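Observations on chain architecture
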Amino acid sequence: QVQLVESGGGSAQTGGSLRLSCAASGLIFGTYHMAWFRQAPGKEREFVAIHWTGTVKYYSDSVKGRFAISRDNNNNTIHLAMNSLKPEDTGVYFCAARKWSDNRDQSDGASYNYWGQGTQVTVSS
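Quick summary incoming for the structure in this document. Being a predicted model, the structure only gives us computed values, none of them experimental.

**Description of the environment of Val2**
Looking at the element boundaries, Val2 is found in the segment before strand E1 (3-7). Val2 sits 111 residues away from Asn113 along the chain, and the two C-alpha atoms are 9.8 Å apart. Dropping the residues within four chain positions of it, Val2 is found in contact with Ser25, Gly26, Leu27 and Tyr114.

**What about the side chain of Gln106?**
Along the chain, Gln106 falls in the loop between strand E9 (91-99) and strand E10 (114-115). Judged by its relative accessible area of 16%, Gln106 is buried. With residues near it in sequence (within four places) discarded, Gln106 still touches Phe37, Phe47, Ile50, Trp52, Tyr58, Arg98, Ser111 and Tyr112.

**Comments concerning the pairing of strand E7 (residues 67-72)**
On E7, burial follows the alternation: Phe67, Ile69 and Arg71 on one face are buried, whereas Ala68, Ser70 and Asp72 on the facing-out side are not. Linking two consecutive strands that pair antiparallel, namely E7 and strand E8 (residues 77-82), is a turn of four residues; a positive phi of about 50° is found at Asn76 within it.

**A closer look at the nonpolar core**
Ranked by internal contacts, the top residues of the largest apolar core, which has 25 residues, are Met34, Trp36, Val48, Phe67, Leu80, Met82 and Tyr93. If you list the elements that add at least two residues to this core, you get strand E3 (18-25), strand E4 (32-39), strand E5 (46-51), E7, E8, E9 and strand E11 (119-124). Among the elements that take part in this core, E3 stands out by supplying four residues, more than any other. Residues Ala35, Phe37, Ala96 and Tyr112 belong to the second largest nonpolar core, which totals six residues.

**Comments concerning the packing of aromatic side chains**
Within this structure, the stated rule accounts for seven aromatic pairs. Where Phe37 meets Phe47, the ring centres are 5.7 Å apart and the plane angle is 80°; that geometry is what we call edge-to-face. With Phe37 in strand E4 and Phe47 in strand E5, this pair connects stretches of sequence that are ten residues apart. Ring pairing ties together the aromatic residues Phe37, Phe47, Phe94, Tyr112 and Trp115, which thus form one cluster. Here the basic side chain of Arg45 rests over the ring of Phe37, its NZ or CZ set 5.9 Å away from the ring centre.

The rules behind each value
- Residues numbered from 1 in each chain as written.
- Predicted model: local features only at pLDDT ≥ 70, side-chain atom pairs only at ≥ 80, totals over all residues.
- Heavy atoms only, no water.
- Helix = DSSP H or I, 4+ residues; strand = E, 2+ residues; numbered from the N terminus.
- Contact = heavy atoms within 4.5 Å.
- Buried < 20%, exposed > 50% of the residue type's maximum accessible area, 1.4 Å probe, protein only.
- Pairing = 2+ DSSP bridges.
- Core = buried A, V, L, I, M, F, W, Y, C linked by side-chain atoms within 4.5 Å.
- Phe/Tyr/Trp six-rings, centres within 6.5 Å; stacked < 30°, edge-to-face > 60°.
- Lys NZ or Arg CZ within 6 Å of the ring centre and 35° of its normal.

So, in structure tokens, the structure goes:
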């Protein structure tokens, strides 16, 4: 049984920082690209960042230069370091996994095989 468990959400002020973690189990971690998505109240879920099985990373334009995704293949974990937070970063953040061989649009949530339950991030002005 595959499980993705996020942690590290919480509240921060504008300009502050938070670090999210996602622990994966039940899958061969090294064969999955790992990503973060978020969903703000009343909005659709959106792609935030992805870390391929190797070293390649991609970010959405809205977080580029402020967020950093990393993965620890020894501990089956990914992290999202969020800096210079803005109120528009508020939302539920989800960890997701997709098979490395899937060549569909990586910003499309439908291309992901597994999802975590999400962790709330709230940024106040």
